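Single-letter residue listing:
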Amino acid sequence: MPTFGIEEEVFITEPERPTFDSFYYLARLLVKNPRFYYTHSAHNFARGSDLKQGWVSGVEISTGVHSDIDSLADDLEKRRAELASVTSGLIVPMGHLLNYDTPTNTCGIHIHIGGIEDKKRVYSNLIHFLPVLPMFTASSPMAVEEYFGQSYRMLKCFATGPIGPDWTERFQDVILSKRLGTIELRACDTCWDMNRIRHLLRAVNAIAELNETLDPCVDMYNGLRDEICKRGIIDETAHLVDELRSLVDFPEEMLSHTASDQIKETYDKYGLLGAYSAMDSGYRRGDFTPRLVEKHQRTNVVKGALGFVAYFVPRLPYYAWKGIKEQA
C-alpha cells in the first residue's frame, strides 16, 4: 500500500511583498510544537539576480506520512490552520506572485509517494498523466502584473523542469527523492482551494495504485510542456483527461477553469491586493472573497530579526543534514 506526504510552500506578504516577518511567524510555529515543526517547516530565499526584487521567498510546512488520502488532506488542513493562527500577514498560496518576475521566488505543493516496491512503475505512470495533473492547482497566471498563462512557476521556476534521463536529478517535474527515497511530484503549484488539492491527491493515489506500467511518453510531454504551462489542457493532451477520469472521478471543469483563471479574473476586477486578500481568505476560511486591505507596507525590522535568530539559527544543523542528503 502506498504512503503519501505533502510539502506545501506559501507566500506571506505584508501586504504586497514578503518580508523577514515570515521568520517571526515560523518561530512562533516552532515554539508551538517544536518536536514537529523542527523538521516539518522551512523558509526559502530568492537567488541570484532575483535578489534585487527582494530576498524573502515563501515558507514551507509539511505533513506527516499517511496511507489514507483523506487523512493526509486533513493533516494539511490542520497545518494550514496552525500557520494561519500565528500569522498576521496575508497568506498567499500561489505559484508565483503577480507583481514579481522571479523564477527563484516561487511556491509549489510537492507530493511524496512511498511504501512501494516498483518505484519505476509509479514514476512512469505519473509522467504519463503529467500533462493533466498540474492543472488541478495551477495558480501562477502573471509576472510583473502581465498575463502569462496557467503556470509561470512550472515553466520558469529553477526547481521544476522537463523529464531527463536521470530520475534522481533534483529539479524536474517528477523525481526520485534522494533524501526520502520517495517518488516526488514537483510540478504542481500551491493553491488555496482544498477541494482542488483533495481531487489532485485522489488522482495521484489512483495512479500510484495502478498495477500496469503506462508509457510515460516523455518526448511528447517535454515537447508540449511550454504549451501546457501556458494554455493548460490542449488538444494533444485532452484524451488524458478522459483516461484519468476512468481511474478516478473529478469535475472536468476543474481543469478547464483553473485557479489561475480565477486569480486573473479577481485581479482584473479587484486589483493586486484584492487577489491576494481573496487567496488569504480562501486559505484561512475556505472562502475566496476579496476584502479591503491597507496598501502600506507592514514590516517590523526588530520582529524580523528576532524571528530569524529564533527560527533559522537553531535549525542550522538540520539544514546542513538535509543539504548533504539531497546531494548524496
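Everything discussed here concerns the structure shown above.
Conventions we followed
Residues numbered from 1 in each chain as written. Predicted model: local features only at pLDDT ≥ 70, side-chain atom pairs only at ≥ 80, totals over all residues. Heavy atoms only, no water. Buried < 20%, exposed > 50% of the residue type's maximum accessible area, 1.4 Å probe, protein only. Helix = DSSP H or I, 4+ residues; strand = E, 2+ residues; numbered from the N terminus. Pairing = 2+ DSSP bridges. Phe/Tyr/Trp six-rings, centres within 6.5 Å; stacked < 30°, edge-to-face > 60°. Lys NZ or Arg CZ within 6 Å of the ring centre and 35° of its normal. 1 Å grid on protein atoms, 1.4 Å probe; cavity = no way out; pocket = protein on both sides within 12 Å on 5 of 7 lines; lining within 4 Å. Points joined across faces, edges and corners; volume = space filled by probe spheres on them. Expected span 1.5 Å × (residues − 1). Bend = angle between axes of the 7 residues up to and from the residue. Polar contact = N/O pair within 3.5 Å; in protein donor to acceptor, adjacent residues only side chain to side chain.

### Thoughts on the pairing of strand S5 (residues 109–114)
Looking along a regular strand, one sees the side chains alternate between the two faces of the sheet. Within S5, six of the six residues are buried, which leaves it mostly tucked inside the rest of the structure. Here S5 shows no split at all, with Ile-109, Ile-111 and Ile-113 on one side and His-110, His-112 and Gly-114 on the other all buried. Pairing analysis gives six bridges linking strand S1 (residues 3–13) to S5, with the strands arranged antiparallel. Opposite Phe-4, over in S5, you have Ile-113 as the bridge partner.

### Things to note about the packing of aromatic side chains
Under the counting rule described, the total for this entry stands at 13 aromatic pairs. Look at Phe-158 and Phe-171: their rings are 5.2 Å apart centre to centre, the planes differ by 70 degrees, and that puts the pair in the edge-to-face class. Of this pair, Phe-158 sits in the loop between helix H5 (152–156) and strand S8 (174–176) while Phe-171 sits in the loop between H5 and S8, and the two are 13 residues apart along the sequence. Looking at Phe-171, the relative accessible area reads 30%, which means it is partly exposed. Taken together, the ring pairs connect Phe-20, Phe-23, Phe-45, Phe-308 and Phe-312 into an aromatic cluster. One Lys or Arg, Arg-79, reaches over the ring of Phe-36 and ends 3.8 Å from the middle of that ring.

### A closer look at the layout of surface pockets
Counted as a void, the second largest pocket has a volume near 330 Å³. What lines the second largest pocket is a set of 23 residues, among which His-40, Thr-63, Val-65, His-112 and Leu-180 lie closest to the centre. Per-element accounting of the lining of the second largest pocket gives the leading share, five residues, to S1.

### Regarding helix H10 (residues 259–285)
Its 27 residues give H10 an end-to-end C-alpha distance of only 17 Å, which falls more than 12% under 39 Å, the value for a rise of 1.5 Å per residue. By the largest-angle criterion, Tyr-270 marks the main kink of H10, which is about 130 degrees. Residue Thr-258 occupies the N-cap position of H10, its side-chain oxygen lying 3.3 Å from the main-chain nitrogen of Ser-260. Residue Gly-286 follows H10 closely and has a positive phi angle near 75 degrees.

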